[in-house]
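Okay, here's what each chain looks like letter by letter:
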Amino acid sequence: MRTLSLAAATVATGLMAGLFFAYACSVVPGLAAVDDRTFVGTMQSINRRILNGWFLAAFLGAVLLIGLAVALHVTVDGRVLAWTVAALVSYGATLLITMRCNVPLNDRLDAAGPVDRIADLRALRDGFEASWARWNLARTVTTVVAFACLVAALASGRS
């Protein structure tokens, strides 16, 4: 059960690291090259559609599985425990960044209403794009660090 929980935590965290990395190196630069209307409409659409079962299972499942792995290793192996605790702290930072930074920006963009009814698309974009990209990069780093810690935990448990 310990190895299975650690492996599952690693997979879920890896999926999230890959998602945030894909945004950082493809979605964000791709949208930077489009006009304001396309940018706002596309981000509104993405932000609505990402809230689905697959995303939520990985996003929330990762922290639950890391927590389970920590709990199952408390009395067993100090090296594995140290790496899993580090992963939990790092992924906790990911959750904090997402909920305190990216989600409020997404909500503000959505609250502006349909793209055809927004009077100043440029101002809305200017208040969103750079900040959202910066926070996405921050959560990419914290999630990759959490993933690396879990890989190290798996490796240290096998040595």
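Since we're looking at a predicted model, the values are computed, not measured.

A.B. asks: Talk me through the packing of helix α1 (residues 2-32) against helix α2 (residues 36-49); I want residue IDs and the actual numbers.
C.D. replies: When two helices pack together, you describe them by how their axes are tilted relative to each other and by the distance separating the axes. Here α1 crosses α2 at 140 degrees, and the two axes come no closer than 10 Å. Counting all contacts with α1, which are made through Tyr23, Val27 and Leu31, the residues of α2 involved are Phe39, Thr42, Met43 and Ile46. The class makeup of the residues in the contact of α1 with α2 is 6 nonpolar, 1 polar and no charged.

A.B. asks: Hey, could you go over helix α3 (residues 53-73) for me, with residue numbers and the actual values?
C.D. replies: Here α3 contains 21 residues, and its C-alpha end-to-end distance of 29 Å stays within 8% of the 30 Å for a straight helix at 1.5 Å per residue. Remark: the principal bend of α3, roughly 35 degrees, maps to glycine 61. What α3 keeps buried is the set Phe55, Ala58, Phe59, Gly61, Ala62, Ile66, Ala69, Val70 and His73. Between a side-chain oxygen at the N-terminus of α3 and the backbone nitrogen of tryptophan 54 the separation is 3.0 Å; the capping residue is asparagine 52.

A.B. asks: Residue-level account of the packing of α2 against helix α4 (residues 78-111), with values.
C.D. replies: Interaxial distance between α2 and α4 falls to 10 Å at its minimum, and their mutual angle equals 120 degrees. In terms of orientation, α2 and α4 fall into the oblique class. Two packed elements cross with a definite hand, and for α2 against α4 that hand is left-handed. Taking contact as the criterion, the partners of Val40, Met43, Gln44, Asn47 and Arg48 in α2 are, on α4, Asn106, Leu109 and Asp110. Split into classes, the residues belonging to the contact of α2 with α4 amount to 3 nonpolar, 3 polar and 2 charged.

Rules and cut-offs
Residues numbered from 1 in each chain as written. Predicted model: local features only at pLDDT ≥ 70, side-chain atom pairs only at ≥ 80, totals over all residues. Heavy atoms only, no water. Axes fitted to C-alpha atoms, helices over the stretch in contact; angles between N-to-C directions. Helix = DSSP H or I, 4+ residues; strand = E, 2+ residues; numbered from the N terminus. Contact = heavy atoms within 4.5 Å. Nonpolar A, V, L, I, M, F, W, Y, C, P; charged D, E, K, R; others polar. Expected span 1.5 Å × (residues − 1). Bend = angle between axes of the 7 residues up to and from the residue. Buried < 20%, exposed > 50% of the residue type's maximum accessible area, 1.4 Å probe, protein only. Polar contact = N/O pair within 3.5 Å; in protein donor to acceptor, adjacent residues only side chain to side chain. Parallel < 35°, antiparallel > 145°, perpendicular 65-115°, else oblique. Left-handed = near helix turned anticlockwise from the far one by under 90°.

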